[in-house]
Every structure is written in structure tokens, then in C-alpha cells.
Amino acid sequence: QVQLVESGGGLVQAGGSLRLSCAFSGRTFSSCTMGWFRQAPGKEREFVAANSWSGGRIYYADSVKGRFTISRDNAKNTVYLQMNSLKSEDTAVYYCAAHPWGSVSASIYEYNYWGHGTQVTVSS
């Protein structure tokens, strides 16, 4: 069974940094487009970033562009989200998602598999 497990969340001061990790198992990781999404209480789950199986195509939400970096290590079956210059509005539960053989997409409906999320809280 496919499993995605996020880690690295926590409490951080505004302006600080965190690095999230997502460990993938159960399928061929290298064939999957990977995405990061986030959801604040009472709000819709929103797209953050995604990269293709090769890492050659990357897409960021405007709200995080220039501050966040998505990367992947196919040998380790892991995708990362480096978050810098964090703001209070970045506070949310962050989820990773996978889309086997899929193209980069900002739509939650394009992703087949999801982790259970990791909490990121940014204090002022």
C-alpha cells in the first residue's frame, strides 16, 4: 500500500525557516509527480508547490514563490519543502501528495495519494 509520511513541522518564529520531508513507499517514487499542499483551519486546502518525477518541472504558488523550494531525492524516495522567510499566514497543516506518471499540477484532484500532514505554526 502506498504511504506518504510528512515530517519536519513545528513552531517557528516569523522570518525563520523549516524543512519538511515526505517519505514515500509502496510504488515507484521516481515515476511520481510530487506536490505539497497546505490547509489552515476553516480554509480550503491549497496548493503550495510541485515537481515532476525528474525534478525538471517545478511550480509554486504565488504566495510562496521566492521563499519556498521543493526538491526531491529519488534515491531516498523523499521529497522536501524548504521554507524560508516564514510568515504567520504560512501557518497550516502541510500535506504531501503523489500522482504517478502525472504532470505537474496545482489541483488537489490530480493527486492520487496523500500523507496525513504535519503542522507548521509561525509565530509573530
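Everything discussed here concerns the structure shown above.
Residues numbered from 1 in each chain as written. Predicted model: local features only at pLDDT ≥ 70, side-chain atom pairs only at ≥ 80, totals over all residues. Heavy atoms only, no water.

Describing the overall build of the chain
Check the secondary structure of the chain and you find zero helices and 11 strands. Going from the N terminus to the C terminus, the chain shows its helices and strands as β-β-β-β-β-β-β-β-β-β-β. Seen along its three principal axes, the alpha-carbon backbone of the chain occupies a region of about 40 × 25 × 25 Å. The buried share of the chain, reckoned over its 124 residues, is 44%. Long-range contacts, defined here as pairs at least 24 residues apart, represent 59% of the contacts in the chain between residues at least 6 apart. Accessible surface for the chain amounts to roughly 6400 Å². Of this, 46% is attributable to carbon and sulfur atoms. (Helix = DSSP H or I, 4+ residues; strand = E, 2+ residues; numbered from the N terminus. Buried < 20%, exposed > 50% of the residue type's maximum accessible area, 1.4 Å probe, protein only. Contact = heavy atoms within 4.5 Å. Areas by Shrake-Rupley, 256 points an atom, 1.4 Å probe, with all protein chains shown as cover.)

Side note on the sheet that holds strand 1 (residues 3-7)
If you trace the four strands from one edge of the open sheet to the other, you get 1-3-8-7, paired in antiparallel fashion. The open sheet is flanked by strand 1 and strand 7 (68-73), the only strands paired with a single partner. Along the sheet, successive strands turn relative to each other by an average axial angle of 15 degrees, direction set aside. As defined by bridge partners, strand 3 (residues 18-25) adjoins strand 8 (residues 78-83) across six bridges and the pair is classed as antiparallel. Residue pairing across strands places Cys22 opposite Val79, the latter belonging to strand 8. (Pairing = 2+ DSSP bridges. Axes fitted to C-alpha atoms, helices over the stretch in contact; angles between N-to-C directions.)

A short note on the state of the cysteines
What makes a disulfide is a covalent bond joining the sulfur atoms belonging to two cysteines. Scanning the model with the defined rule gives one disulfide in all. Left without a disulfide partner, Cys32 is nearest to the cysteine sulfur of Cys22, which lies 10 Å away. (Disulfide = S-S within 2.5 Å.)

Considerations on the nonpolar core
Among the nonpolar cores identified, the biggest contains 34 residues, and Met34, Trp36, Leu81, Met83 and Tyr94 are the most heavily contacted of them. Among the secondary structure elements, those contributing two or more residues to this core are strand 3, strand 4 (32-39), strand 5 (46-51), strand 7, strand 8, strand 9 (92-100) and strand 11 (118-123). (Core = buried A, V, L, I, M, F, W, Y, C linked by side-chain atoms within 4.5 Å.)

Some details on the packing of aromatic side chains
Evaluation of the coordinates by the stated rule reveals five aromatic pairs. Taking the centre distance of 5.2 Å and the plane angle of 75 degrees together, the rings of Phe37 and Tyr111 count as edge-to-face. Here Phe37 is found in strand 4, whereas its partner Tyr111 is found in the loop between strand 9 and strand 10 (113-114), with 74 residues between them in sequence. Classification of Phe37 as buried rests on a relative accessible area of 0%. Owing to a relative accessible area of 5%, Tyr111 belongs among the buried residues under this scheme. Seen from their ring centres, Phe47 and Tyr59 are 5.2 Å apart, and the 20 degrees between their planes marks the pair as stacked. Here Phe47, found in strand 5, pairs with Tyr59, found in strand 6 (residues 58-60); they are 12 residues apart in sequence, far enough to count as distant. You can call Tyr59 partly exposed: its relative accessible area is 41%. Positioned above the aromatic ring of Tyr80, the side-chain terminus of Arg19 is 4.0 Å from the ring centre. It is Arg45 that lies over the ring of Trp114; its NZ or CZ is 5.0 Å from the centre. (Phe/Tyr/Trp six-rings, centres within 6.5 Å; stacked < 30°, edge-to-face > 60°. Lys NZ or Arg CZ within 6 Å of the ring centre and 35° of its normal.)

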